[in-house]
Amino acid sequence: MIKIAELISGPEIAKDIKAEVAEEVSEIVRLKGVRPGLTVILVGDDPASKVYVRNKQLGCEQVGFKSEAIRMDENVSTEDLLKKIDHLNYDINVHGILVQLPLPPQVDKNRVLESIFPEKDVDGFHPMSMGKLVAQQDCLVPATPSGIIEMLKRKDIKIQGKEAVIVGRSVIVGRPMALLLINESATVTVCHTKTRDMGAHTRNAEILIVSAGRPNLIGGDMVSEGTVVIDVGINRISKDQADPEILKWRKDDFETKGATLIGDVNFLEVEPKASYITPVPGGVGPMTIAMLLKNTLKATKMQLGLKL
Ligand code: GUN
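Now for a quick tour of the structure. Note that the coordinates shown come from a computational prediction; the quantities given were computed from them, not determined experimentally. (Residues numbered from 1 in each chain as written. Predicted model: local features only at pLDDT ≥ 70, side-chain atom pairs only at ≥ 80, totals over all residues. Heavy atoms only, no water.)

**Focus on the sheet that holds strand 3 (residues 66–72)**
Next up, step 1: Taken together, three strands build an open sheet; the order of strands is 3-2-4 and the sheet is parallel. Since the sheet does not close on itself, it has two edges, and those belong to strand 3 and strand 4 (96–99), each with one partner. Each adjacent strand pair in this sheet contributes to an overall mean axis angle of 15°, direction not counted.
Next up, step 2: Strand contacts of helix 3 (residues 78–89): strand 2 (37–43), strand 3 and strand 4, with the helix running at about 175° to strand 2, the strand carrying the most contacts. (Pairing = 2+ DSSP bridges. Helix = DSSP H or I, 4+ residues; strand = E, 2+ residues; numbered from the N terminus. Axes fitted to C-alpha atoms, helices over the stretch in contact; angles between N-to-C directions. Contact = heavy atoms within 4.5 Å.)

Structure, rendered in C-alpha cells:
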C-alpha cells in the first residue's frame, strides 16, 4: 500500500477563520456601531504586491471590514510616507495599518514600520510588537507564523515536546515562528544559509517548517518518515525553468498560464514520507490573509476596550 500524507488545506482553515471573524464583526457593529477598518499602503507598481493588496481587500470585504488601499508613487519620500501614516494613526475609523513590503530603496523601511502605532500594527512588524513576542506578552503577531500555529492546532497536531525545525531566519517568518513554537513548548532548531549539513537537522524534525524562498530546497532524502511538513515557499516557475517532472505534474498550468507555483519543498519526493503536508498553492498562503483579518479584529477590540 502506498502511504499518502494528509494534505493540510489552507483555504479550508482560512474559510473557517474568516467565518469566525465575520461573526464577531457583526457583533461589534451591533454592540458598538463600529465597523473594523484596515488601511493598506502600497508604494509603487510591483505586480506581485498589487495582487497581495487586492487579495487583502477582498478578504476585508468577505468579513465585513471597511478597507482602503492608499497608492503612493514609487518615488515617494520617507517623510511623505510618515506623514500619511501619522494621519492614519490618529484616524479613529482606521484600526489596522499595513505598509506592503518591499518598499523602494530610498524609503527608510525601519523608520516607516516604527512609525505605525503598535496598537494598529496588524502586521506585527513594529519592534514593540516583536519585543513583546520575545517577552511572551500579548501582542499582534506576524500573520504567516501565527497562521502556521493555527493550522497545526486545528489539525490536532501536538506541538508540545516535538522537535521543530525551521529553515529560514527571516524577520517576517523564521524568527517569529521560532518564538511561537517555543511558546508552544516545542524544541526548536533554526537552519539558514550558513547551516552546515542542513539535512542532518531536517531529518531530525518531527515538524518541519520551510521558508527559504528556494524552490525544491528540501528533497525526499532530507525528511524522515512521519514528519509534519509546512511549506511557506511560493516560487513562480516558468516553463523553461521547470524540470521534466514538474512539466508533467503541472502540465495544465504551463499550457494555460505558461508558469506554475511551487514551494520550497519537493512535494513529489517528500509527500510520500510526510504524515501531513501543506501543498503549494493551497497551503499556507491563504492563512496569512485570514490571520491578518484576525489581527485587525483583535486591534479593533483593543482600541474599543472590548474583551479579547
Ligand atoms: N510582503 C510580503 N509579505 C508581506 C506581509 O506579510 N506583510 C506586508 N506588509 N508585506 C508583505
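Still more ground to cover, so stick around.
**Things to note about empty space enclosed by the protein**
Next up, step 1: Taken as a whole and assessed by the stated rule, the structure comprises one cavity of 30 Å³ or more.
Next up, step 2: Volume-wise, the largest cavity comes out at about 30 Å³.
Next up, step 3: As for the largest cavity, its lining consists of Ile 97, Leu 98, Val 99, Leu 113, Ile 116, Asp 121, Asp 123, Phe 125 and His 126.
Next up, step 4: The leading source of residues in the lining of the largest cavity is strand 4, at three residues.
Next up, step 5: Split into classes, the residues belonging to the lining of the largest cavity amount to six nonpolar, one polar and two charged. (1 Å grid on protein atoms, 1.4 Å probe; cavity = no way out; pocket = protein on both sides within 12 Å on 5 of 7 lines; lining within 4 Å. Points joined across faces, edges and corners; volume = space filled by probe spheres on them. Nonpolar A, V, L, I, M, F, W, Y, C, P; charged D, E, K, R; others polar.)

**Focus: unusual backbone geometry**
Next up, step 1: The residue after Leu 101, namely Pro 102, is reached through a cis peptide bond having omega 0°.
Next up, step 2: Mapped onto the secondary structure, Pro 102 falls in the loop between strand 4 and helix 4 (109–115).
Next up, step 3: Following Val 280, the chain continues to Pro 281 via a peptide bond in cis, the omega torsion being -5°.
Next up, step 4: Within the element layout of this structure, Pro 281 appears in the loop between strand 11 (276–277) and helix 12 (285–304).
Next up, step 5: A positive phi angle is found at Ser 185, which is not glycine, with a value near 70°.
Next up, step 6: When you line up the elements, Ser 185 lands in the loop between helix 7 (174–183) and strand 6 (187–191).

**What about the pairing of strand 2?**
Next up, step 1: Counting buried positions over the seven residues of strand 2 gives seven, a clear majority of the element.
Next up, step 2: Burial along strand 2 is two-sided: Gly 37, Thr 39, Ile 41 and Val 43 and Leu 38, Val 40 and Leu 42, pointing in opposite directions, are all buried.
Next up, step 3: Examined bridge by bridge, strand 2 and strand 3 share seven bridges and lie parallel to one another. Note on strand 3: the bridge partner recorded for Val 43 is Met 72.
Next up, step 4: Handedness of the crossover joining strand 2 and strand 3 through helix 2 (residues 47–63): right-handed.
Next up, step 5: Pairing of strand 2 with strand 4, which is carried by four bridges, proceeds in the parallel orientation. Considered in strand 4, the bridge of Leu 38 is made with Gly 96. (Buried < 20%, exposed > 50% of the residue type's maximum accessible area, 1.4 Å probe, protein only. Right-handed = clockwise from strand over helix to strand, strands pointing away.)

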